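Summary of the model geometry
Here is what each chain is made of, one letter per residue.
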Amino acid sequence: MTDTHMTIPAATTAPARSLPAPNRFRFWAWLRSDKRAAISLAYLTLLVLAALLAPYIAPYPPNEQNLLDLLMPPSQAHWLGTDDLGRDTLSRLLYGAHNALYAAFLAVGIGVTIGVPVGVLIGFVGGWVDELMSRVIDGILAFPPLVLAVAVTGALGIGLTNAMIAVGFAFAPVLARTMRAQTLVVKNALYVEAAQGFGASRMHLILRHILPNAIQPVIVEVTLMLAVALLAEAGLSFLSLGVQPPESSWGGMLARAYHYVEVAPAQMYAPGLAILFTALAFNALGESIRVLLDPTVKRG
Amino acid sequence: MNAITLMVVRRLGQLIPVALVATFVVFSLVFLMPGDPAIIMAGEYATPERIAEIRKIHGFDQPMLVQYLTWLWKAVHFDLGTSLYSSEEVAQLIVDRLPHTILLVVYALVLGSIVGIPLGIAAATRQGSTLDKLITTVASLGVAIPNFWLGIILVTMFALSWHVFPATGAVSFGENPFEAIYYATLPAIALSVGVVAVLARQVRSALLEVLGSQYIRTLRAKGLGSGAILWKHGLRNVAVTMLTIAGLQVNRLFSSAVILEAVFAVPGVGNLISYSALNKDIPVVQGIALMLVVVVILTNLLVDVLNAILDPRVAAST
Amino acid sequence: MTMGSSKRLPNITRRAMLAGTAAFGGSLVLPAQARAQAPQPTTGGTLRVAMPYNPAALDPLTGRNNPDFNTLFAIYDALIDFDPNTLELKPMLAKSWTFTDPTTLVLELVEGVEFHDGEPFNAEAVVFHLERCMNYARSNVKSDVASIDKVEATGPYQVTIRTKHPDASLPAALSDRPRCIVSPKSVKEAADGNVDRNPVGTGPFKFVEWRDNDLIKVEKNTNYWQDGQPYLNAIEFRIINELNTAARTVMAGQSDVALNLAAQQIAIARRDENVVAEATPSLIYYTSFLNYAEGPLSDVRIRQAMNWALNREDLNRVLVLGLGQGHCSMFPTGFWANDPETENYYTHDLDRAKKLLAEAGVPNGVEIQTWSWPDQAAVQRQEVISSQLAQAGIRLKVTPVPPAQAMQNFLDEKKGHQLLSPTGGLPDPSITYDRQFSGNAYRNAGKIELPGFRELMDASLSTFEPEPRQKVMYRMQRFVLENALHLPQYMSASMTVRTPRLHEFVFGLLNRPKFHKVWLEQA
């Protein structure tokens, strides 16, 4: 889940660079020069459109059961076939996109909301607060995140929003740790020491100097986390802990398809591919942003 | 005391606070969960009186901190308690279940290394070639693919269509190692794709970095063959990266195992903990939490020790 | 997908019913005649059973789930036995049982039986056992013996039970968990009297070992009191938690029989000619417990509307692939307490449902807060039922929670209006009605009894003769349906997959197998 391999060596060791100024950053030129980013963004845009327009473009209502046409193979009437209750798979896939995106952004949002302030604070304050909180972070990180998510989901009640709060909760220590490291780097940089010398308030320091400089690696991490959150949603829904029926989710569709895998094996391909492509797009976009923000990192 | 011993002692000292935090967090979460174990314990057709009686017998009515400290006191004395539902000793339960999970994780790490490292080396030594691009693409896919979906596909192909491997189930390693490995193959493959992807990528970039360094360029200028350089200097430096990554992957693999054990009906700890968490079997959840924390921390420690042996400078800095 | 075997059992004689039961399993079950010509029992062999649940305990008193019974009858003999297909009571360790008056039951015991630990079986042992059922702190069967006032040994092999009130269901209750007689010596020697993991009975097999979630092994009791039995040398119960995996072990030849399966496994196994997949009538049924004391469901018309809105044929066809029975009774067709005239009291009639809702003052429908379980099968069930009820304007607002939590929320805290759940599987219909609808029943969320219920309940307990008792049960069935006290959905089936070499194996109405006469044809 939390891809702990996502270390950002360049940023943690080198002094932080500021974001390219908005007026100098040419979006279209970037897309032209980075085909991977262009394709990912195009796919994600289409996905967002599909999620928003599902009520208009889906061929059937997603929950309309037809108990006489169960587990049908793809046909003219149902391009991707029907599920175990005779519902149109394509329509459920389109509606599922909405839940998938909502889940991914919610989880990452929660992770950022908890993780970033905590990371900055403990990095900035240091001392025993840092020592204590770092142990807490280690404690949570030592626990496999999905297991943690299962426990949190149990505590909060089964459902998509709660499941994603759980995943966000598991993201938070990762982000806090990154932010802490970044804050330490920036804090020790000369200009902050200089600002401190001028008697700038702590809040001012955090908001004006530390946060903007430390946030860069977090942007990359967050984009990559969207993929992780998407996969986590699919996994938790597969375990029936995420999206609740009759609403559709890709993970839930896979779980049902697996139930009938010996009868209708074709049902499991479409939702799996949807998860794969979307996770791929988030990852690719994250890598591209990393290259964009830090030109010393080589592509690939 | 040399640097490595010092590091080991210091890290083992950290184990205690980390384990305390982790078990307390998990205990609070599970404790806060609604649901009353007494209802399950009383049986299918229980009377309300019987349920109340069970609540009292097991002290479910005591405050949370009291219950946690009771658990902790016993745990310190190597008593993890018994499962609320099966009356089985938690320690025994873990001893029975853990080998299944460890087999999967180790098997996946081995498979991942066997495939991932050569791929990374191949990509690095032929940087920019079609092969390199292909390997990079495969690695991207490996990170993005849902393990459990891959698991289902493997079941459909290798078990249900071609009958090469059993679809689901597991055999205990102690009972029959060969059968155990045979049964674990499909889930281990599904679990290993992430390892393959991460290793291939990281080995590639680590190698590229080393091969591009001043030091190697000097060696090359001295007339050393590129094969010899790769083996003698590139790979040793890469080994450090690989070990670190393998250590970090353990935690992730345990996570993925939770779902894969469900797909493949493996009676491992992943299966056990999700079931126990949802049914509020606190002693079992706590026991597994403690065990996982210890396993993950010890794995990372082992990795660091190996790293320190490979590169003594590391020991001083951790 | 449909299996085409939802054949109804004719409700005539018991003989016909037995034949019908055999036919129910489909063409693969040998008809009674062919079975007569089947090879004679051979002795020996180890039976390998795959079952999905690790028992909670092997002490019949502290166990709690029906699947525990997969192993119990191998180790323990019963005071009173039952026919697996009709539940007709049969003598076993009690040669006879007689009500000498409405509150006195006299049991005559067989002589010359020994427990596995060498202790003699006699009236003392039975008294000790029944008192343990009533008084042991960890006993989960107190409610089964709640009507017992006093148990006495009135002779070396005669036990007299006095009840607080007439209880015609007591012999049947004594054929439930309390039937399994535990060796008094084993209890006295155990720490705290805990014999959860050290079962000693008089049964055809002796306990050897239990590795949790893996294996339970029993071996032949060579000193068994019934001549020639058992035929098997040993039984290995393999615990395989996942149903597909369990069924596959039979198809792969690693197990001889898999128990407690679901419809998917039967459908798949029926494609394999080397195994026998059986789905026979079961007393387990799927329903919704309703809180009819408060909220919208206190209006009988809304409860009736829900019952008219269900299409039970479809539920049976889609949810159990047609292997169960799609009617609104709590018992399978052909069971003695099931009134065939009212088993289809409710049919699928949306107009009627809407009319009732209009009469109840909610012409635009009503929202029902519903608890359900989160597993895939429960989710599927809930989706179909929600969709069917929605067509009549009854909208379910479903919250999925694990079973224990669902029961706590609905039954203890009285939140929500209904709880979807399987239930049933009890040996006597009086007990079945009592545990669901009596005012003090845990499963009765509203804790009220509608007028007329208590009279029928008392009548069912104080009527001892079979035919009048059947009449009472018919009236009770009608009462429950007319008042729509719950939302019955469909009858489940007892589902197993086995090798054709396995003979005399019956899973039965209660899913409680006996292994005395089971034998394996040598390969």
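None of these values were measured; they are calculated from a predicted model. (Residues numbered from 1 in each chain as written. Chains lettered and ligands numbered in written order. Predicted model: local features only at pLDDT ≥ 70, side-chain atom pairs only at ≥ 80, totals over all residues. Heavy atoms only, no water.)

**Quick look at the overall build of chain B**
So the rule is basically this: Strands here mean DSSP runs of E at least two residues long; helices mean DSSP runs of H or I at least four residues long; both are numbered from the N terminus. Here, two residues are considered to be in contact whenever any of their heavy atoms come within 4.5 Å of each other. Computed with the Shrake-Rupley method and a 1.4 Å probe, the accessible areas treat only the protein chains shown as cover for residues. For the purpose of charge, His is not counted, nor are the chain termini; Lys and Arg are scored as positive and Asp and Glu as negative. Taken as the charge location is NZ of Lys, CZ of Arg, CG of Asp or CD of Glu.
From N to C terminus, chain B includes 13 helices and 0 strands. The order of helices and strands in chain B, counted from the N terminus, is α-α-α-α-α-α-α-α-α-α-α-α-α. Dimensions of chain B, computed from the C-alpha atoms along their principal axes, are close to 85 × 60 × 35 Å. Within chain B, contacts between residues at least 6 apart in sequence are counted, and of these 73% link residues at least 24 apart. Accessible area of chain B: about 13,800 Å², with a carbon and sulfur share of 68%. Of the charged side chains in chain B, 19 are positive and 17 negative; the average position of the first set lies 21 Å away from that of the second.

**Considerations on the confidence of the model for chain C**
Residues and elements named next belong to chain C. The condition that has to hold: Here pLDDT means the predictor's own confidence in every residue, given as a number from 0 to 100.
Of the residues in chain C, 93% reach a pLDDT of 70 or more, and the chain-wide mean stands at 89. The low-confidence segment residues 1–35, where pLDDT is below 50, has 64 contacts with residues more than four positions distant or belonging to other chains. Scored by ipTM, the complex comes to 0.83, with pTM at 0.84.

**Examining the side chain of Thr89(A)**
Residue and element names in this part refer to chain A. What counts, and what does not: When a residue's accessible area, from a 1.4 Å probe over protein chains only, is under 20% of the maximum for its type it is buried; when over 50% it is exposed; and in between it is partly exposed. We define a polar contact as two N or O atoms separated by no more than 3.5 Å, with the added condition that, inside protein, one atom must be a possible hydrogen donor and the other a possible acceptor, whereas residues neighbouring each other in sequence contribute only through side-chain atom pairs.
Examined against the element boundaries, Thr89 turns out to sit in helix 4 (residues 89–125). Overall, the relative accessible area of 2% leaves Thr89 in the buried class. Reaching out from Thr89, the side chain makes a polar contact with the side chain of Gln267 at a distance of 3.1 Å. Beyond its immediate sequence surroundings of up to four residues, Thr89 is in contact with Leu80, Gly81, Thr82, Asp83, Met253 and Gln267.

**With respect to the interface of chain C and chain A**
Worth spelling out the cut-off: Throughout, buried area stands for the accessible area (probe radius 1.4 Å) lost by two parts on being put together, summed over both. Salt bridges are counted wherever a side-chain nitrogen of Lys or Arg sits within 4 Å of a carboxyl oxygen of Asp or Glu. Residues are grouped as follows: nonpolar covers Ala, Val, Leu, Ile, Met, Phe, Trp, Tyr, Cys and Pro; charged covers Asp, Glu, Lys and Arg; every other residue, Gly included, is treated as polar.
Taken residue by residue, the interface counts 22 residues in chain C and 22 residues in chain A. Taken over both partners, the interface formed by chain C and chain A buries close to 2,000 Å², and the fraction arising from carbon and sulfur atoms is 53%. In this assembly, chain C and chain A are joined by 3 salt bridges. Across the salt bridge formed by Arg248(C) and Glu262(A), the nearest N and O atoms sit 3.5 Å from each other. Counting across the interface, chain C meets chain A through 12 residue pairs in polar contact (both at pLDDT 80 or more). Secondary-structure elements contributing two or more residues to the side of chain C that touches chain A are helix 7 (243–251), helix 8 (263–269), helix 10 (312–319) and helix 12 (376–390) of chain C. Of the residues assigned to the side of chain C that touches chain A, the class counts are 9 nonpolar, 7 polar and 6 charged.

**Structural notes on the environment of Ile114(B)**
By secondary structure assignment, the location of Ile114(B) is in helix 5 (residues 90–125). Expressed as a C-alpha distance, the spacing of Ile114(B) and Ala52(B), which sit 62 residues apart in the sequence, is 56 Å.

**A word on the domain arrangement of chain C**
Residue and element names in this part refer to chain C. Under the convention used in this document: Throughout the structure description, domain borders are defined by an automatic or database domain assignment.
Domains assigned within chain C are domain 1 (44–53 + 203–275 + 499–523), domain 2 (77–202) and domain 3 (281–492). Relative to domain 2, the C-alpha centre of domain 1 lies at a distance of 27 Å. Taken residue by residue, the interface counts 19 residues in domain 1 and 20 residues in domain 2. When domain 1 packs against domain 2, the two sides together hide about 1,600 Å² of surface, and 55% of this comes from carbon and sulfur. It is Phe207, Trp225 and Lys514 in domain 1 that bury the most area against domain 2; as a group they hold 35% of the surface buried on that side. Among the ionic pairs, Asp81 bridges to Lys514, the shortest N-O distance being 2.9 Å. Looking at the side of domain 1 that touches domain 2 residue by residue, the classes come out as 9 nonpolar, 6 polar and 4 charged.

**Some thoughts on the interface of chain B and chain A**
Residue-level contacts link 48 residues of chain B with 44 residues of chain A. Where chain B abuts chain A, roughly 4,100 Å² becomes buried across the two surfaces, and 78% of that area is made up of carbon and sulfur atoms. The closest approach of N and O atoms between Arg201(B) and Glu287(A), which form a salt bridge, is 3.8 Å. Our enumeration of links across chain B and chain A arrives at 3 residue pairs in polar contact (both at pLDDT 80 or more). For the side of chain B that touches chain A, the elements supplying multiple residues, two or more each, are helix 1 (3–32), helix 6 (130–144), helix 7 (147–161), helix 8 (177–211), helix 10 (226–264), helix 11 (269–278) and helix 12 (282–310) of chain B. Tallied by class, residues from the side of chain B that touches chain A come to 35 nonpolar, 10 polar and 3 charged.

**Observations concerning the side chain of Ser256(B)**
Topologically, Ser256(B) is positioned in helix 10. Not counting residues within four places of it along the chain, the set of residues in contact with Ser256(B) comprises Asn147(B) and Leu191(B).

**So, the pattern of salt bridges**
Between side chains of opposite charge, a pair can form as their charged atoms come close. Scanning all chains against the criterion turns up 35 salt bridges over all chains. In this structure, Arg135(A) and Glu131(A) form a salt bridge, with 2.9 Å as the shortest nitrogen-oxygen distance. Remark: Glu131(A) and Arg135(A) occur in helix 5 (residues 127–141); sequence separation between them is 4 residues, near one turn of the helix. With a closest N to O distance of 2.8 Å, Glu413(C) and Lys415(C) form a salt bridge. Owing to a relative accessible area of 44%, Lys415(C) belongs among the partly exposed residues under this scheme.

**Remarks on the domain arrangement of chain B**
The domain architecture assigned to chain B consists of domain 1 (3–76) and domain 2 (90–278). Computed from C-alpha atoms alone, the centre-to-centre distance between domain 1 of chain B and domain 2 of chain B is 34 Å.

**Considering the packing of aromatic side chains**
When we look at a pair of aromatic rings, we describe it by the centre distance and by the angle of the planes. Put simply, the test is: Paired rings are identified among Phe, Tyr and Trp, the last through its six-membered ring, by centres lying within 6.5 Å, and are further divided according to the angle between planes into stacked (under 30 degrees), edge-to-face (over 60) and tilted (the rest). Here, over-ring charges are defined by two tests on the NZ atom of lysine or the CZ atom of arginine: distance to the ring centre within 6 Å, and angle to the ring normal within 35 degrees.
Counted by the stated rule, this structure contains 28 aromatic pairs over all chains. For the ring pair Trp308(C) and Tyr346(C), a centre distance of 5.0 Å and an interplane angle of 80° mean the geometry is edge-to-face. Taken together, the positions of Trp308(C) in helix 9 (residues 300–309) and Tyr346(C) in the loop between helix 10 and helix 11 (350–359) put the pair 38 residues apart, joining distant regions of the chain. The buried category is assigned to Trp308(C), whose relative accessible area is 9%. Relative to Trp336(C), the ring of Phe335(C) lies with its centre 6.0 Å away and its plane at 45°, an arrangement referred to as tilted. Accessibility expressed as a relative area gives 2% for Phe335(C), which makes it buried. The exposure class assigned to Trp336(C) is partly exposed, which follows from its relative accessible area of 27%. An aromatic cluster of three or more residues is present, and its members are Phe158(B), Trp162(B), Phe165(B), Tyr182(B) and Tyr183(B). Positioned above the aromatic ring of Trp210(C) is the side chain of Arg197(C), whose terminal nitrogen or guanidinium carbon lies 4.0 Å from the ring centre. Lying over the aromatic face of Phe82(C), Lys514(C) brings its terminal NZ or CZ to 5.1 Å of the ring centre.

**Side note on the sheet that holds strand 9 (residues 215–220) of chain C**
Residue and element names in this part refer to chain C. The condition that has to hold: Paired strands, as defined in this entry, are two strands with at least two bridges between them according to DSSP. Axes here refer to lines fitted to C-alpha atoms; in helices the fit is confined to the stretch in contact. Angles between the N-to-C directions go from 0 to 180 degrees.
Pairing is mixed across the open sheet formed by 10 strands, whose spatial order is 8-9-10-1-11-16-12-15-13-14. Of all the strands in the sheet, the pair left with one neighbour each is strand 8 (205–211) and strand 14 (394–400). Where strand 13 (residues 366–372) meets strand 14, 7 bridges bridge the pair, whose relative direction is parallel. Note that in strand 14 the partner of Ser372 across the bridge is Pro400. Docked against the sheet, helix 13 (residues 403–412) engages strand 12 (276–290), strand 13 and strand 15 (418–424), running at close to 115° with respect to strand 15.

**Thoughts on the pairing of strand 15 of chain C**
Residue and element names in this part refer to chain C. With 6 of 7 residues buried, strand 15 lies mostly within the body of the structure. With 7 bridges connecting them, strand 12 and strand 15 associate as antiparallel partners. Across the sheet, residue Leu290 finds its bridge partner in strand 15, namely Gln418. Summarising the sheet, strand 13 and strand 15 pair through 2 bridges and their orientation is parallel. Paired with Thr370 across the strands is Gln418, a residue of strand 15.

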